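These are the residues of each chain, in order.
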4 protein chains.
Amino acid sequence: MREIDLKNFKIRTDLITESVTNLKRKEVKEGIFVSNLYLEEKEAKKSLKKPGNYTTIEFTDITDIDNFLEVKKVLKSCLKDFIQSKKTLLIGLGNQKSTPDVLGPKTIDEIVVTSYLEAFGSLEEGFSSTAVFKPGVTGETGLETSNVLKSIVTSFHPDQVIVIDALASKSLDRVCKTIQITDTGIEPGSGVGNKRSEISSHTLGVPVLAIGIPTVVDAVSVVSDTITYLMKQYSFQKKFLQTKKSKLVPTTQVNYLKEDVPVDKEDKEKVLGMLGTLEEEEIKQLFYEVLTPIGYNLMVTPKEIDFTVQKLAHLLASSLNEILHPKLEESKE
Amino acid sequence: MREIDLKNFKIRTDLITESVTNLKRKEVKEGIFVSNLYLEEKEAKKSLKKPGNYTTIEFTDITDIDNFLEVKKVLKSCLKDFIQSKKTLLIGLGNQKSTPDVLGPKTIDEIVVTSYLEAFGSLEEGFSSTAVFKPGVTGETGLETSNVLKSIVTSFHPDQVIVIDALASKSLDRVCKTIQITDTGIEPGSGVGNKRSEISSHTLGVPVLAIGIPTVVDAVSVVSDTITYLMKQYSFQKKFLQTKKSKLVPTTQVNYLKEDVPVDKEDKEKVLGMLGTLEEEEIKQLFYEVLTPIGYNLMVTPKEIDFTVQKLAHLLASSLNEILHPKLEESKE
Amino acid sequence: MREIDLKNFKIRTDLITESVTNLKRKEVKEGIFVSNLYLEEKEAKKSLKKPGNYTTIEFTDITDIDNFLEVKKVLKSCLKDFIQSKKTLLIGLGNQKSTPDVLGPKTIDEIVVTSYLEAFGSLEEGFSSTAVFKPGVTGETGLETSNVLKSIVTSFHPDQVIVIDALASKSLDRVCKTIQITDTGIEPGSGVGNKRSEISSHTLGVPVLAIGIPTVVDAVSVVSDTITYLMKQYSFQKKFLQTKKSKLVPTTQVNYLKEDVPVDKEDKEKVLGMLGTLEEEEIKQLFYEVLTPIGYNLMVTPKEIDFTVQKLAHLLASSLNEILHPKLEESKE
Amino acid sequence: MREIDLKNFKIRTDLITESVTNLKRKEVKEGIFVSNLYLEEKEAKKSLKKPGNYTTIEFTDITDIDNFLEVKKVLKSCLKDFIQSKKTLLIGLGNQKSTPDVLGPKTIDEIVVTSYLEAFGSLEEGFSSTAVFKPGVTGETGLETSNVLKSIVTSFHPDQVIVIDALASKSLDRVCKTIQITDTGIEPGSGVGNKRSEISSHTLGVPVLAIGIPTVVDAVSVVSDTITYLMKQYSFQKKFLQTKKSKLVPTTQVNYLKEDVPVDKEDKEKVLGMLGTLEEEEIKQLFYEVLTPIGYNLMVTPKEIDFTVQKLAHLLASSLNEILHPKLEESKE
């Protein structure tokens, strides 16, 4: 088999959880995991990520109203470590005409905007001054997003900036099910291969909080994840399902991920042949080389993305509104 | 009858044709009128307008494709006096959620944007560098539009700025049927009573062309216009329809405006009583005082506004595209 | 002055309150009026309306949340006289692309639909079986709306049909501020001059409730209303504002409609001349003849129609949902 | 390795090209392939498809305007075998709120509707009578789509019905790049696992043409396709890239699909181990069993779906318009 050259392989992810290996996840509620990380300068370089604080929330469902409220509670408690009720500019990145990219703009549409009230001296207690902005995408506006934002921050001079964006993931199971919060800023479009200038406290001169949710994943990741799952299922079945009892359980109903049975190296080579001799990153690189020349390394998004993005935007906006305007939270009690 | 106090009466119009009386209109094509005006400093003060060049195009219909193309031809020839094919920032003012206000944003959506091509050195001959921006409205963004625009002009440094906005008219017959082009800039929302800072070459530091089309009119104007028409019809009928022949013509089919029969002062008082003794501006003031305390001096818009705004936006955008990018025009030939 | 021929004048209204004169309004809450009418066959013919029950709710504001809830309470209590929690087909008439016409479709979009649950036998207690339909307009679909509805009723066989539509009013002050409920059905587009076949219990074979809100008014009505107000204000000022005290009150702040001061016939002729000798309907006919030949008898809608229609649709949908699915109401308690 | 049970595996495809093996494709223009098939009763049963005529058009790109026009020419010539310029009802299936499902409704929005002109006797020569309908989806309307359509056909009695729908594919490379035309009708949602009653000439009583384009694909297919490509690339490289010359060509730029190098059985087992011993359908079944229990056998759609669906709808609508109304085609000449 030909040599795998990892140098050229572009890692398509915006998620710290996919760039750093030794992350400690804590299950804070049933099915909701939170991990906090301070990425040191040294480590940051290795992972191609910027140094700073990263909080990641992982969940499985927000379509159910009870689950939604549980995730919202966790999200608000995480956000409180990063932002306060003070003069804030909220920015929704992304193309409003593209459903998987519309998370930022849709969140912005639900933010309670008050700064014009402050201008009239009629901002009530319990509300902070907020303004919002949807810069669109450079391909449609012709304007460099980071420059536009710099100008606007200069003229509005907020105490903090909050940027919301749809991200790219490199694993299927994180799409629409992970929220990443970081004080390191964001490089819009970096996850899907478009390099733009960064949006961060360095470039804007005020604290910048970036909130992102992956809504797309590339085909390569879908494939390599499935290969990984195949081996996990194989190992799980080898360990548990050889007994008589387990035979009764239809295989398609067992969530083999709940038990993290280690995959045996020999099994991997037996089941997957030469493919099984490769490391995960090498497998990704291989599939990248298979799909790219024929034009099939698409970024894909779940079929239900319209409804999911709507719900996620509501989750972010309602949480942000209640933190920036504590009065809104009280009035619900 | 009580005294009419004209001091408090706010003239709700953005149109120069409604502020200046001695405008010379020229019928350039059947049913299409153009007037050019250089408003001197002195006169400007009187009319509460800014000094500079104003071109007004009036037409009756653009739903018919032939009429559309005739109006477009006239519009393009007028625009060519103001703008050139060079680095341009186009700005669509107005609230995207409000149909009568969406003219600017909808026009922007059809502009051919090229500045990112210039950045890559791949801007073809026959195309100029264009970028676009939709600032939204202060009530929704919390940001002061003129400040935001200043920042963006500073960072993009265009050679010229073109601002497109929906205007307010004070006559029913101009709504959606007049295009005003001026190099004096614009004060967004000034026509409907919201004072915002001006957008002009003074504030932005580069030539600013403002293109506006009235899409709303206030109820007072609808009423006072109708009173004026009533007298014009009366005078027309008195002159022409007393003969036997004309009796055959149903009155509802005669366009009495085509013949500008002067209204006799005595007739006016006979037909309208005390109301007929008032000047046009006094009548407006009177109706303003009648409708305002009961909350009915609404700004209104024609029922078909969704379709009309769509067509007008296409008229503006296609004209601007062909002037800014002459290649587009050639390729159609 | 020429003779006014009332025979040709088309009354542009869908509202019973504008067709019948002796309606008894009752103020059920501050600023909210309800009138109930059973229109007898004989009277029906005179007013060009169909015989049956009409309930009209008039209010002044629903933008304030407290007012919204008050109006909703009244609306629900009125609706309960007409509909029950049983198998229902809800129909939203109107063109989705035209803002003033979108009330029906927008209401439908918020209805809780359950009939497919019933098909699976999983309809909970406290919910009734509901289905919805947006037929569009004949000009866009090419299908005759009443025929399509007949077919669908035949195949779904509901116990009752509820039709929601935007109406035309002939008075400025009712636009977006009146809800008409009737068991006589509806003739879509009849208010704006498009004759289509009727939608009623006669044509559909099941009880049909029509709920309508006027969103447009014609220019003639705006003008004739203003003339009426002018005289009311004149009479009010004559009676009350001659005293020293009232001079302090700026005239533009007095709501002269609160006191229904009768208009003196002589005053009317003095103030309005020959115009003042005409009856209200004759004045309308006159303005109709003035505006029609020059193409200015437009139907107009308030500038804020996008926001108002949104709120009205929410008012109707939330009320209907809670009546059709009583469980929804309980769960809020 | 455990036994693969193919009985339970649901084939998620609406495409005949994925159900029938011996299809003859003909390259009618560069990069555009057409296949015609008459599926006999006997074969139909085997492939779970209905007997009748199937035409499939495959292409690689329609974003380029020249390619668009080439594909349109082919599409129109195929459509002409199925439909004529006569009284037609066009139906756009699918959920308007879901981007990958909006192909049908968006196509309908561009159809030139004329049946109301016919009613007025003013249908010009060169135009046929057309009406359109967007039934929505049962989950949102509560109405059974096939029943609603039956009712409407009964009341409109068209000569032919054309149904447009977004389909599901089971291969990545057909998504948004295949048009299937069939006179066998359609079972809406069957491709994504929702069983609804069929829409066909049997149920509607008039000829029914179904036009579909796949917009979604399931994760299982993405993975199994990639495995297939891996082996094709391996075989290609083994045959061609061992020579000195070909070493200069970067592997990621060679389209190995152009040469259909047969995959050696031994190679497959060497490269893929036990996985390599399975047939394609068995591999799909295996991945189905791997992804389903952990909830990751998602249906996915390309990230750019908003823009692609827009273009495809325009392709279908403009082709249908020109066939149903030949005058439109002439007037372009």
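Further up the page is the structure itself.
One structure accompanies this document, and this report is about it. (Residues numbered from 1 in each chain as written. Chains lettered and ligands numbered in written order. Predicted model: local features only at pLDDT ≥ 70, side-chain atom pairs only at ≥ 80, totals over all residues. Heavy atoms only, no water.)

## What about the overall build of chain A?
Helices and strands together make up the secondary structure of chain A, namely 12 helices and 9 strands. Going through the 333 residues of chain A one by one, you find that 55% of them count as buried. Across chain A, every contact between residues at least 6 apart in sequence was considered, and the portion connecting residues at least 24 apart equals 76%. Surface exposure of chain A reaches about 14800 Å², of which carbon and sulfur atoms provide 49%. (Helix = DSSP H or I, 4+ residues; strand = E, 2+ residues; numbered from the N terminus. Buried < 20%, exposed > 50% of the residue type's maximum accessible area, 1.4 Å probe, protein only. Contact = heavy atoms within 4.5 Å. Areas by Shrake-Rupley, 256 points an atom, 1.4 Å probe, with all protein chains shown as cover.)

## Points about the relation of the copies chain B and chain C
Its rotation angle being 180°, the transformation that places chain B on chain C also includes 0.0 Å of axial translation and leaves an RMSD of 0.0 Å. Within this description, the copies of the chain are treated as partners about a two-fold rotation axis. Residue G273 of chain B, judged by its C-alpha, is the member of chain B lying nearest the rotation axis, at 1.8 Å. A high fraction, 100%, of the interface residues of chain B reappear at the interface in chain C, so the copies pair face to face through one surface. (Least-squares fit on C-alpha atoms with pLDDT ≥ 70 in both.)

## Concerning the interface of chain D and chain A
At the interface, 50 residues of chain D touch 50 residues of chain A. Between chain D and chain A, a total of about 4600 Å² is buried, with carbon and sulfur atoms accounting for 72% of that surface. Summed over the shared surface of chain D and chain A, the number is 0 salt bridges. Our count for the chain D to chain A interface comes out at 16 residue pairs in polar contact (both at pLDDT 80 or more). The set of elements that each furnish at least two residues to the side of chain D that touches chain A consists of α8 (219-240), α9 (265-272), α10 (280-291), β9 (299-302) and α11 (305-324) of chain D. By residue number, the principal contributor to the side of chain D that touches chain A is α8 of chain D, which donates 10 residues. Of the residues that constitute the side of chain D that touches chain A, the class distribution is 31 nonpolar, 12 polar and 7 charged. (Buried area = accessible area lost by both parts, 1.4 Å probe. Salt bridge = Lys/Arg side-chain N within 4 Å of Asp/Glu carboxyl O. Polar contact = N/O pair within 3.5 Å; in protein donor to acceptor, adjacent residues only side chain to side chain. Nonpolar A, V, L, I, M, F, W, Y, C, P; charged D, E, K, R; others polar.)

## Structural notes on the interface of chain B and chain C
The interface is formed by 51 residues belonging to chain B together with 51 residues belonging to chain C. In this assembly, chain B packs against chain C so that about 4600 Å² is buried in total across both faces, 72% of it on carbon and sulfur atoms. Here chain B is connected to chain C by 0 salt bridges. The interface formed by chain B and chain C includes 16 residue pairs in polar contact (both at pLDDT 80 or more). Contributing elements (two or more residues each) for the side of chain B that touches chain C: α8 (219-240), α10 (265-272), α11 (280-291), β9 (299-302) and α12 (305-324) of chain B.

## Some remarks on the relation of the copies chain D and chain A
The operation relating chain D to chain A is a screw motion whose rotation component is 180°, with 0.0 Å of axial translation and a residual RMSD of 0.1 Å. A share of 100% of interface residues in chain D that are also interface residues in chain A marks the association as one of identical surfaces.

## A short note on the environment of P262 of chain D
All names here are of chain D. Secondary-structure assignment places P262 in the loop between α8 and α9. Residue classification places P262 among the exposed positions, given a relative accessible area of 67%. C-alpha of P262 to C-alpha of V220: the two residues are 42 residues apart in sequence and 23 Å apart in space.

## Some thoughts on the side chain of T182 of chain A
Residue and element names in this part refer to chain A. Within the element layout of this structure, T182 appears in strand β7 (residues 178-182). Look at T182 and you get buried, because its relative accessible area is 3%. One polar contact links the side chain of T182 to the main-chain carbonyl oxygen of N53, over a distance of 2.9 Å. Other than its neighbours up to four places away in sequence, T182 contacts N53, Y54, V208, L209 and A210.

## Digging into the packing of aromatic side chains
Counted according to the given criterion, the structure contains 6 aromatic pairs over all chains. On the numbers, 5.5 Å between centres and 40° between planes, the contact of Y229 of chain A with Y296 of chain D is tilted. Placement of the pair is Y229 of chain A in helix α8 (residues 219-240) and Y296 of chain D in the loop between α10 and β9, with the two residues belonging to separate chains. Each member of the pair Y229 of chain A and Y296 of chain D is classed as buried. In this structure, R25 of chain A is placed above the aromatic ring of F33 of chain A, and the distance from its NZ or CZ to the ring centre is 4.1 Å. The ring of F156 of chain C carries K87 of chain C above its face, with NZ or CZ at 4.5 Å from the centroid. (Phe/Tyr/Trp six-rings, centres within 6.5 Å; stacked < 30°, edge-to-face > 60°. Lys NZ or Arg CZ within 6 Å of the ring centre and 35° of its normal.)

## Things to note about the nonpolar core
The nonpolar side chains of a soluble globular protein tend to be buried, and buried together. Judged by nonpolar contacts, the single largest core of 137 residues is most densely connected at I57, I179 and L275 of chain B together with I57 and I179 of chain C. V113 and V271 of chain A together with V223 and Y288 of chain D belong to the second largest nonpolar core, which has 136 residues in total. (Core = buried A, V, L, I, M, F, W, Y, C linked by side-chain atoms within 4.5 Å.)

## Structural notes on the packing of helix α2 (residues 65-79) of chain B against α12 of chain B
Each packed pair of helices is defined by two parameters, the angle between the axes and the distance between the axes. All names here are of chain B. Running from amino to carboxyl end, α2 crosses α12 at an angle of 45°, the nearest separation of the two axes being 10 Å. As the angle between them shows, α2 and α12 are arranged oblique. In this structure, the crossing between α2 and α12 has a hand that is right-handed. Contacts between α2 and α12 involve F68, V71, K72, L75, K76 and L79 from the first element and K311, H314, L315, L316, S318, S319, L320, E322 and I323 from the second. Here the residues of the contact of α2 with α12 sort into 8 nonpolar, 3 polar and 4 charged. (Axes fitted to C-alpha atoms, helices over the stretch in contact; angles between N-to-C directions. Parallel < 35°, antiparallel > 145°, perpendicular 65-115°, else oblique. Left-handed = near helix turned anticlockwise from the far one by under 90°.)

## So, the pairing of strand β9 (residues 299-302) of chain C
The alternating pattern of β9 of chain C places M299 and T301 of chain C on one face and V300 and P302 of chain C on the opposite face, and all of these are buried. In this sheet, β9 of chain C lies alongside β9 of chain B in antiparallel orientation, the contact comprising 3 bridges. Residue V300 of chain B lies in a different strand from β9 of chain C, and its bridge partner there is P302 of chain C. (Pairing = 2+ DSSP bridges.)

## What about the pattern of salt bridges?
Going through the model one piece at a time under the given rule, you end up with 48 salt bridges over all chains. Across the salt bridge formed by E58 of chain C and R25 of chain C, the nearest N and O atoms sit 3.1 Å from each other. With a gap of 33 residues between them, E58 of chain C in strand β3 (residues 52-58) and R25 of chain C in the segment before β1 (26-29) connect regions that are remote in the sequence. For E58 of chain C, a relative accessible area of 8% corresponds to the buried category. Given the relative accessible area of 46%, R25 of chain C is considered partly exposed. Across the salt bridge formed by K97 of chain C and E140 of chain C, the nearest N and O atoms sit 3.5 Å from each other. Placement of K97 of chain C in the loop between β4 (88-92) and α3 (103-109) and of E140 of chain C in helix α5 (residues 138-141) is noted, with a sequence separation of 43 residues between them. Overall, K97 of chain C belongs to the partly exposed group, its relative accessible area being 40%. Here the salt bridges share partners, and the residues they tie into one network are K72, K76, E322 and E329 of chain A.

## Here's the deal with the packing of α8 of chain B against helix α10 (residues 280-291) of chain C
Put simply, α8 of chain B and α10 of chain C touch, their axes get as near as 9 Å, and they point 80° apart. Classified by the angle between their axes, α8 of chain B and α10 of chain C sit roughly perpendicular to one another. Contacts from T226, I227, Y229, L230 and Q233 of chain B in α8 of chain B reach L286, F287, E289, V290 and L291 of chain C in α10 of chain C. Within the contact of α8 of chain B with α10 of chain C, the residues separate by chemical class into 7 nonpolar, 2 polar and 1 charged.

## Structural notes on unusual backbone geometry
Unusually for a residue other than glycine, H157 of chain A sits at a positive phi of about 35°. Relative to the assigned elements, H157 of chain A resides in the loop between α6 (145-156) and β6 (160-169).

## Details of the side chain of T301 of chain B
By the secondary structure assignment, T301 of chain B is in strand β9. Polar contacts involving the side chain of T301 of chain B include one to the main-chain carbonyl oxygen of T215 of chain B, which spans 2.8 Å. Sequence-distant contacts of T301 of chain B, defined by excluding residues within four places in its chain, comprise P100, T215 and V216 of chain B together with M299, V300, T301 and P302 of chain C.

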